[in-house]
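# Topology and contacts: notes
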Amino acid sequence: DAGITQSPRHKVTETGTPVTLRCHQTENHRYMYWYRQDPGHGLRLIHYSYGVKDTDKGEVSDGYSVSRSKTEDFLLTLESATSSQTSVYFCAISAGRGYNEQFFGPGTRLTVL
Amino acid sequence: AQRVTQPEKLLSVFKGAPVELKCNYSYSGSPELFWYVQYSRQRLQLLLRHISRESIKGFTADLNKGETSFHLKKPFAQEEDSAMYYCALNIGTASKLTFGTGTRLQVTL
């Protein structure tokens, strides 16, 4: 599992509340990613990081922010959750031969009521 | 812009039948393609990458640049192959992946 964990694994929250999801890796990988998985859309990239304090937007970044103050942690924050952000969120790291293979965390199922 | 298309949402086959999961891509450069599999309520796992030309769990995939396709094939489906399959394209910028919408493979007796 490339040493990737996510917390929490499940969360139910209300519209308008802030939510932070955590991705933790133990193998010092440079690149980290946040995706959301939705039926009919597959996985879509939200934000990614290419080093400590270095982040950039992905395809569906509106309403999300990220931070990476340590190599091992990549945080995804929903400043004010909306029902459209109900989804399964996956964190990933890039590793392997050529560093183009991505390995995924177990996912966080977020429900916004 | 790059795009990955998986035209089938659901593919249902009988055990022992051949399987082909379709993937087409659009990208003007030299693509790097992957197949990922997700078993029920589990994390995505890398199944194949086109560069390695491996056969994993009996699955193979060949990159056809002329048809811009990377179809996943298996000669004889097994029940344990039932899962969600995603085709993904890496365009080499920060190793970001563009995923298709996925195909659910259902293998029945």
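Shown above is the structure to which this text applies.
Residues numbered from 1 in each chain as written. Chains lettered and ligands numbered in written order. Predicted model: local features only at pLDDT ≥ 70, side-chain atom pairs only at ≥ 80, totals over all residues. Heavy atoms only, no water.

## Re the overall build of chain B
Heads up, the rule is: Each helix corresponds to a stretch of at least 4 residues labelled H or I by DSSP, and each strand to a stretch of at least 2 residues labelled E; elements are numbered beginning at the N terminus. All radius of gyration figures rest on C-alpha atoms, and the globule criterion is 2.2 Å times the number of residues raised to 0.38.
Of regular secondary structure, chain B possesses 0 helices and 11 strands. Taken from the N to the C terminus, the helices and strands of chain B come in the order β-β-β-β-β-β-β-β-β-β-β. Compactness check: chain B gives a C-alpha radius of gyration of 13 Å against a globular reference of 13 Å for 109 residues, within 12% of the reference. Across its three principal axes, chain B shows a C-alpha extent of roughly 40 × 30 × 25 Å.

## Re the overall build of chain A
For clarity, the cut-off: Here's how the labels work: a residue is buried when its accessible area is under 20% of the maximum for its type, exposed when over 50%, partly exposed in between, all with a 1.4 Å probe on protein chains only. Whether two residues are in contact is decided by their heavy atoms, any of which lying within 4.5 Å being enough. Here, Shrake-Rupley sampling with a 1.4 Å probe gives the accessible areas, and only protein chains in the shown set may cover a residue. Neither His nor the chain ends is counted toward charge; the positive residues are Lys and Arg and the negative residues Asp and Glu. Lysine's charge is taken at NZ, arginine's at CZ, aspartate's at CG and glutamate's at CD.
Along the backbone of chain A there are 0 helices and 11 strands. Its helices and strands taken in sequence order, chain A reads β-β-β-β-β-β-β-β-β-β-β from the N to the C terminus. Taken over the C-alpha trace, chain A has a radius of gyration of 13 Å; the compact-globule value for 113 residues is 13 Å, and the two agree within 12%. When the 113 residues of chain A are sorted by exposure, 51% land in the buried category. Looking at chain A alone, contacts between residues at least 24 apart form 54% of all its contacts between residues at least 6 apart. Carbon and sulfur atoms provide 49% of the accessible area of chain A, an area that totals close to 5200 Å². Side-chain charges in chain A split into 12 positive and 12 negative, and the spacing between the mean points of these groups amounts to 2 Å.

## Things to note about the pairing of strand β11 (residues 103-108) of chain B
All names here are of chain B. Spelled out, the test is: Any two strands with at least two DSSP-identified bridges between them are counted as paired.
On β11, burial follows the alternation: T103, L105 and V107 on one face are buried, whereas R104, Q106 and T108 on the facing-out side are not. Examined bridge by bridge, strand β2 (residues 10-14) and β11 share 5 bridges and lie parallel to one another. Counted as the bridge partner of L11 is L105 from β11.

## Some details on the state of the cysteines
Residues and elements named next belong to chain B. The condition that has to hold: Cysteine sulfur atoms that come within 2.5 Å of each other are treated as a disulfide pair.
Evaluated as defined, the whole model comprises 2 disulfides over all chains. The disulfide partner of C23 is C87, and the S-S distance across this bridge is 2.0 Å. Residues C23 and C87 are joined through a disulfide that is left-handed, its torsion about the S-S bond being -65°. Of this pair, C23 sits in the loop between β3 (19-21) and β4 (24-26) while C87 sits in strand β9 (residues 83-90), and the two are 64 residues apart along the sequence. For the pair C23 and C87, a shared accessibility class is recorded, and that class is buried.

## Here's the deal with the interface of chain A and chain B
Rules: Accessible-area loss on putting two parts together, using a 1.4 Å probe and summing over both, is the definition of buried area adopted here. Each reported salt bridge corresponds to a side-chain nitrogen of Lys or Arg within 4 Å of a carboxyl oxygen of Asp or Glu. In protein, a polar contact means a hydrogen-donor-capable atom and an acceptor-capable atom, both N or O and within 3.5 Å, with residues adjacent in sequence counting only if both atoms are side-chain atoms; elsewhere, any N or O pair within 3.5 Å suffices. By the convention adopted, Pro, Cys, Tyr, Trp, Phe, Met, Ile, Leu, Val and Ala count as nonpolar, Lys, Arg, Asp and Glu as charged, and the other residues, Gly among them, as polar.
Each partner contributes to the interface: chain A provides 23 residues, whereas chain B provides 21 residues. Both sides together, the interface formed by chain A and chain B hides about 1900 Å², and carbon and sulfur atoms give 50% of it. Across the pair E101(A) and R49(B) runs a salt bridge, and its minimum N-O distance is 2.6 Å. Applying the counting rule to chain A against chain B returns 7 residue pairs in polar contact (both at pLDDT 80 or more). Looking at the side of chain A that touches chain B, the elements with two or more residues in it are β4 (32-38), β5 (42-51), β9 (87-95) and β10 (101-104) of chain A. Ranked by residues supplied to the side of chain A that touches chain B, first place goes to β5(A) with 4 residues. Grouping the amino acids of the side of chain A that touches chain B by side-chain chemistry returns 11 nonpolar, 8 polar and 4 charged.

## A word on the sheet that holds strand β7 (residues 60-61) of chain B
What links the strands of a sheet is backbone hydrogen bonding, and the strands pair in either a parallel or an antiparallel sense. All names here are of chain B. Across the sheet, which stays open at both edges, the 3 strands sit in the order β3-β8-β7 with antiparallel pairing between neighbours. For this open sheet the edge positions go to β3 and β7, each flanked by a neighbour on one side alone. Pairing analysis gives 3 bridges linking β3 to strand β8 (residues 72-74), with the strands arranged antiparallel. Counterpart to V19 in the pairing with β8 is K74.

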